[in-house]
Amino acid sequence: MTSSERSLAKGCAAPGPVPQGLIRLYSMRFCPFAQRARLVLVAKGIKHEVVNINLKSKPDWYLELNPSGMVPTIQTSDGKIIYESAIVCEYLDEVFPGAKLIPSDPYAKAEQKMLLEAFSAVVPVFYQIVFAQKDNKDTTELKSQFLEKLKKLEEALAKKKTPFFGGKSVSFIDYMVWPWFERFSTFGLEGLLDKTPNIKAWRDRMLQDPAVKATFTAPEVLLEFFKLYAQDSLDAVDYGLN
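Criteria and cut-off values
- Residues numbered from 1 in each chain as written.
- Predicted model: local features only at pLDDT ≥ 70, side-chain atom pairs only at ≥ 80, totals over all residues.
- Heavy atoms only, no water.
- Helix = DSSP H or I, 4+ residues; strand = E, 2+ residues; numbered from the N terminus.
- Rg over C-alpha atoms; globule rule 2.2 N^0.38 Å.
- Contact = heavy atoms within 4.5 Å.
- Salt bridge = Lys/Arg side-chain N within 4 Å of Asp/Glu carboxyl O.
- Buried < 20%, exposed > 50% of the residue type's maximum accessible area, 1.4 Å probe, protein only.
- Axes fitted to C-alpha atoms, helices over the stretch in contact; angles between N-to-C directions.
- Parallel < 35°, antiparallel > 145°, perpendicular 65-115°, else oblique.
- Left-handed = near helix turned anticlockwise from the far one by under 90°.
- Phe/Tyr/Trp six-rings, centres within 6.5 Å; stacked < 30°, edge-to-face > 60°.
- Lys NZ or Arg CZ within 6 Å of the ring centre and 35° of its normal.
- UniProt positions renumbered as here; feature names shortened; annotations may be inferred.

S.K.: Mind laying out the overall build of the protein chain, listing which residues take part and the relevant values?
M.R.: Across its full length, the protein chain holds 10 helices and five strands. Computed over the C-alpha atoms, the radius of gyration of the protein chain is 18 Å, within 12% of the 18 Å expected from 2.2 N^0.38 for a compact globule of 242 residues. Counting only C-alpha atoms, the protein chain reaches 50 × 45 × 30 Å along its principal axes. Considering only intrachain contacts with a sequence separation of at least 6, the fraction spanning at least 24 residues in the protein chain is 70%.

S.K.: Let's hear about the pattern of salt bridges: which residues, and what values?
M.R.: Tallying each qualifying case throughout the model produces 13 salt bridges. The shortest N-O distance in the salt bridge between Asp 93 and Lys 44 comes to 3.1 Å. You can see Asp 93 sitting in helix 3 (residues 85-95) and its partner Lys 44 sitting in the loop between helix 1 (32-43) and strand 3 (48-52), a full 49 residues away along the chain. Judged by its relative accessible area of 2%, Asp 93 falls in the buried class. With a shortest N-O distance of 3.8 Å, Lys 113 and Glu 90 are connected by a salt bridge. In this pair, Lys 113 sits in helix 4 (residues 106-120) while Glu 90 sits in helix 3, placing the two residues 23 residues apart along the sequence. Classification of Glu 90 as partly exposed rests on a relative accessible area of 22%.

S.K.: How would you explain the environment of Glu 182 if you had to name every residue and give the values?
M.R.: You can see Glu 182 is positioned in helix 7 (residues 172-182). Residue classification places Glu 182 among the buried positions, given a relative accessible area of 1%. Sequence spacing of Glu 182 and Leu 207 is 25 residues, and the spatial spacing of their C-alpha atoms is 8.6 Å. Sequence-distant contacts of Glu 182, defined by excluding residues within four places in its chain, comprise Gln 35, Arg 203, Thr 215, Phe 216, Thr 217 and Leu 222.

S.K.: Any chance you could break down unusual backbone geometry for me, citing the residues and the numbers?
M.R.: A cis amide bond links Val 71 with the next residue in sequence, Pro 72, at an omega value of 10°. Secondary-structure assignment places Pro 72 in the loop between helix 2 (60-65) and strand 4 (73-76). Residue Asn 136 is not a glycine yet carries a positive backbone phi of 55°. Classification of Asn 136 by relative accessible area gives exposed; the value is 72%.

S.K.: Tell me about the packing of helix 1 against helix 7, residues and numbers included.
M.R.: At a closest axis distance of 8 Å, the pairing of helix 1 and helix 7 adopts a crossing angle of 125°. On the basis of the axis angle, helix 1 is oblique to helix 7. Remark: the crossing between helix 1 and helix 7 carries right-handed chirality. Contact with helix 1, carried on its side by Pro 32, Phe 33, Gln 35, Arg 36, Leu 39, Val 40 and Ala 43, involves Tyr 175, Met 176, Trp 178, Pro 179, Trp 180 and Glu 182 of helix 7 and no other residues of that element.

S.K.: I'd like to hear about the packing of aromatic side chains, residue by residue, with values.
M.R.: As enumerated under the stated definition, the model contains 19 aromatic pairs in all. Between Phe 165 and Trp 202, the ring centres sit 5.1 Å apart and the planes meet at 70°, which makes this aromatic pair edge-to-face. In this pair, Phe 165 sits in the loop between helix 6 (140-160) and helix 7 while Trp 202 sits in helix 8 (residues 197-206), placing the two residues 37 residues apart along the sequence. What makes Phe 165 buried here is its relative accessible area of 4%. On the accessibility criterion, Trp 202 (0% relative accessible area) is buried. Lying across the ring of Tyr 229, Lys 56 places its NZ or CZ 4.1 Å from the centre.

S.K.: Quick one: what's the story with the UniProt feature "domain: GST N-terminal" (unreviewed entry) in the protein chain, residue by residue and with numbers?
M.R.: The residues that UniProt annotates with the feature "domain: GST N-terminal" (unreviewed entry) are residues 21-100. Taken end to end, residues 21-100 is 36% helix and 21% strand, and its first and last C-alpha atoms sit 20 Å apart.

S.K.: Explain the environment of Ala 156 to me, and be specific about the residues and the numbers.
M.R.: With respect to the helices and strands, the residue Ala 156 is situated in helix 6. Of the residues examined, Ala 156 reaches a relative accessible area of 24% and is grouped as partly exposed. On a C-alpha basis, the gap between Ala 156 and Leu 115 in space is 8.1 Å, while along the polypeptide they are 41 residues apart.

S.K.: Run through the side chain of Thr 139, naming residues and quoting values.
M.R.: Note on placement: Thr 139 falls in the loop between helix 5 (122-134) and helix 6. Once residues lying within four places of it in the same chain are set aside, the contact partners of Thr 139 are Ile 129, Ala 132 and Gln 133.

Below you can see the structure in the form of structure tokens.
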């Protein structure tokens, strides 16, 4: 993997063509949605380069690639553009060889998609808590709502009786939900895992996964990034780089 490290902002020149044999990932170092794509790229051993985008000051050429201006976006050497994190990850799993993360069995695949749909209800409450903490607001009620949604995932994992959400080994669904669990300790949500023991054990197992280790960001670094990002700092995305 190669990386441009520093983020490209408005006024920066577009990178050249994607080299043959590589996938280019347009990312942002601290974005959980982009981390989904990085996890899959690493897990499958896909040769890739990373171009980081400053989401507070997006280059015009990037908006031509992805009109939403969000990350991740991937670009192939023959000019294909794919965006939206789950779609990007599904494409990577289908197109590239190596261990398949999405089950071939239609029912098992549907199960993972249902779990991902259930998890999508968790994400908005996560961010409500984060921004309420930033504004020094009481988060008791929000945390209660958050725990209720987490408990549905806890029940699903307990019912499966497997170490991972996808079964006996790490798969698509595990990588799709992981980035937010990585951020629990950053935002003081670690204690909620004591009430969801199966998820807590899953989280401990995920921390040993090679792709998780390769894309992991220390909680204190994430927190400093978030403080700057919440202040609309244009330099937040490059926090920690020399």
